[in-house]
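Structural overview for review
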Amino acid sequence: MYSDAIVSIAGAVPSTVAMPFIEPLYWSVRRGEHWAIAGANGSGKSLTAGIVCGRYPLRAGSVRYGLTGKPHEGIKSISFRDIYSTGDMRNAYYQQRWHATEVDGLPAVRDMFAAEPDAGMARAFGLEGCFDKKIIHLSGGEMRKCFLLRALMSAPEILIIDNPYAGLDIASREMMNAMLTQIAAMRRTQLMLLIADAGEIPDVITHVLPVVGGRYLPPASREAFLADAALLHEVFPTRGAAPMLPPARREASTHRVTFRMENITLRYGNRTVFDGLNWEALNGEKWSLTGPNGSGKSLLLSMLYADNPQAYAQRLYVFDRRRGTGESIWDVKRRTGYVSPEMHLYYADGVGAHRDVVAAWMETFGIGGMSARPFSTLSFGEQRLMLLAGAFANDPDLLILDEPMHGLDAANRARVRGIITDFCAREGKTLVYVTHCFDEMPDCVTRHFSLY
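Residues numbered from 1 in each chain as written. Predicted model: local features only at pLDDT ≥ 70, side-chain atom pairs only at ≥ 80, totals over all residues. Heavy atoms only, no water.

Looking now at the packing of helix α11 (residues 380-393) against helix α12 (residues 410-424). At a closest axis distance of 12 Å, the pairing of α11 and α12 adopts a crossing angle of 5 degrees. When the axis of α11 is compared with that of α12, the two are roughly parallel. Taken together, the residues of α12 that come into contact with α11 (itself represented by Leu-385, Leu-388 and Phe-392) are Asn-412, Val-416, Ile-419, Ile-420 and Phe-423. Taken together, the residues of the contact of α11 with α12 break down into 7 nonpolar, 1 polar and no charged. (Axes fitted to C-alpha atoms, helices over the stretch in contact; angles between N-to-C directions. Helix = DSSP H or I, 4+ residues; strand = E, 2+ residues; numbered from the N terminus. Parallel < 35°, antiparallel > 145°, perpendicular 65-115°, else oblique. Contact = heavy atoms within 4.5 Å. Nonpolar A, V, L, I, M, F, W, Y, C, P; charged D, E, K, R; others polar.)

Every other side chain in a regular strand lies on the same face of the sheet, so the side chains alternate between the two faces. Where burial is concerned, most of strand β8 (residues 207-212) is hidden: 5 out of the 6 residues are buried. Inspection of the sheet shows strand β3 (residues 35-38) paired to β8 by 4 bridges, in the parallel sense. Residue pairing for β8: Trp-35 is matched across the bridge by His-207. One ladder, built from 2 bridges, connects β8 with strand β10 (residues 220-221); its direction is antiparallel. (Buried < 20%, exposed > 50% of the residue type's maximum accessible area, 1.4 Å probe, protein only. Pairing = 2+ DSSP bridges.)

Next up on the list: a nonpolar patch on the surface. On the surface, Ile-170, Phe-438 and Tyr-452 cluster together to form a nonpolar patch covering roughly 400 Å² of accessible area. Tracing the sequence through the fold places Ile-170 in helix α4 (residues 170-186). Judged by its relative accessible area of 44%, Ile-170 falls in the partly exposed class. (Patch = residues over 30% accessible without salt bridge, like charges linked within 9 Å, V, L, I, M, F, W, Y side chains within 5 Å. Areas by Shrake-Rupley, 256 points an atom, 1.4 Å probe, with all protein chains shown as cover. Salt bridge = Lys/Arg side-chain N within 4 Å of Asp/Glu carboxyl O.)

Under the definition given, this model contains 11 aromatic pairs. With 5.2 Å between their ring centres and 80 degrees between their planes, Trp-27 and Trp-35 make a pair best called edge-to-face. For Trp-27, a relative accessible area of 4% gives the class buried. An aromatic cluster is present here, built from Phe-259, Trp-279, Trp-287 and Phe-449 joined pairwise through their rings. The lysine or arginine in question, Arg-335, covers the ring of Phe-319, its NZ or CZ lying 3.9 Å from the ring centre. (Phe/Tyr/Trp six-rings, centres within 6.5 Å; stacked < 30°, edge-to-face > 60°. Lys NZ or Arg CZ within 6 Å of the ring centre and 35° of its normal.)

Turning to the side chain of Lys-286, a few remarks are in order. Tracing the backbone shows Lys-286 in strand β13 (residues 286-290). Notably, Lys-286 is buried but unbridged: the nearest opposite-charge side chain belongs to Glu-285, and the N-O separation is 9.0 Å. Only 2.5 Å separates the side chain of Lys-286 from the backbone oxygen of Gly-284, close enough to count as a polar contact. Polar contacts involving the side chain of Lys-286 include one to the main-chain carbonyl oxygen of Lys-429, which spans 3.0 Å. Among residues more than four places away in sequence, those in contact with Lys-286 are Cys-424, Lys-429, Leu-431, Cys-444, Val-445, Thr-446 and Arg-447. (Lys, Arg positive; Asp, Glu negative; His and termini not counted. Polar contact = N/O pair within 3.5 Å; in protein donor to acceptor, adjacent residues only side chain to side chain.)

A word on empty space enclosed by the protein. Under the criterion given, the structure shown has 3 cavities of 30 Å³ or more. Approximately 60 Å³ is the volume attributed to the second largest cavity. In this structure, the second largest cavity is lined by Ile-78, Arg-144, Lys-145, Leu-148, Ile-161, Pro-164, Leu-168 and Met-176. Broken down by element, the lining of the second largest cavity gets its largest block of residues, 3 residues, from helix α3 (residues 140-153). Partitioning the lining of the second largest cavity into residue classes produces 6 nonpolar, no polar and 2 charged. (1 Å grid on protein atoms, 1.4 Å probe; cavity = no way out; pocket = protein on both sides within 12 Å on 5 of 7 lines; lining within 4 Å. Points joined across faces, edges and corners; volume = space filled by probe spheres on them.)

Put simply, the chain has an average pLDDT of 83, and 87% of its residues get 70 or more. Confidence drops under pLDDT 50 across residues 347-352; counting only partners more than four residues distant or on other chains, this segment forms 11 contacts. (pLDDT = per-residue confidence, 0-100.)

Another point: the sheet that holds strand β15 (residues 321-322). Taken in spatial order, the 4 strands of this open sheet run β12-β11-β14-β15, and their pairing is antiparallel. Either end of the sheet is taken by a strand with one partner, and the two such strands are β12 (271-282) and β15. In this fold helix α7 (residues 297-304) packs onto β11 (257-268), β12 and β14 (315-318), with an angle of close to 125 degrees to the strand it touches most, β11.

At their nearest, the axes of helix α10 (residues 355-364) and α12 sit 11 Å apart, and the two run at 125 degrees to each other. Taken together, the axes of α10 and α12 lie oblique to each other. Contacts between α10 and α12 involve Trp-361, Glu-363 and Thr-364 from the former and Arg-415, Ile-419 and Phe-423 from the latter. When the residues that make up the contact of α10 with α12 are grouped by side-chain class, the tally is 3 nonpolar, 1 polar and 2 charged.

Note that Val-416 resides in helix α12. Separated by 12 residues in the primary sequence, Val-416 and Pro-404 have C-alpha atoms spaced 8.4 Å apart. Those residues in contact with Val-416 that lie beyond four places of it in its chain are Phe-365, Leu-385, Leu-388, Met-405 and Leu-408.

Given below as structure tokens:
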């Protein structure tokens, strides 16, 4: 091992993990190096980061930190899963985000920080107006930026970030790149990024540790890794054409208007989110919904999915019927498939309805062999595929996909795009697709609605 290594891992084998660990880990991180742990969904990236953090007891081998060899508190890790333990979030439920009278006891964003948030860093991430919000009202992108800001304020020796660009709009991605470059230039914090797409390895990275199915390939410089086409194909394998879809479970709907919003005005506290918003989607139309983090996309979708009580005071029509005229919220939900970062957070243990049909869709999404595993033991990308299978299982008339590729590797993104396109080719299917990455938009999307 190198004498200047800040982390030295020798033959580490975790004692209890759900994923089979094919071989022990030998790896050193030296001062001044910034690493990407690169691999496809379920390859073992999060497991590797957990070994670095000392999260798992070892059955064999050792992890040595610096010259002392003792664990230290200078390692900070940011993952979407971290949100589960924020304040009282575990006890919150998804619809509670939109019930103003039920969030008074929940923490505000400011409560996440041990000290007053750094004003300059807050501006860099566009968070100046967020600190008095309830955490439960943050968008997924805003939440990720808050976690990054909090971690940076502690000046860690090593900062581990899982999927650093997931859920961020274009401007926030540029801010993230600038912040990572600034962190490296300060020479106080070394970066370790968990990456599921070779195209997301930023310039600041100096070295790459490839992981393939619980097996480690030799580390390489960033330049050598990206220049090796055979290695890239091994680490991020491609798949063939999209698989066959399970058969339809319902007749094509003959409704004319899937949803119509007429002069919608919504306010939360002193904030006016929408004022005079109009949007109509007819049966069978395929729409994109775009806008920066915090623009109100999740709020808009909560109205369509019958979660937001303010919908009853608005002129909102869903499936040819105005909301508040006697229909149950389940009349809407049973005809709607919905996946979003927020759903991932609040329904992390909620997959299970229509088990036989979900199992067929799990096969379609390439995770059929994982049906017996607890949801919490799956990687983030595998969890996302599980939730997508659940959303498609009811053969919905309205499919709402909010950042559905969040956390997926390139091969799984291609698979999901093909599934969406094939599903939406069926008669009577309306799509609302939300993304910050326009190159992942399904080909079937022909209409666009923007919040700016």
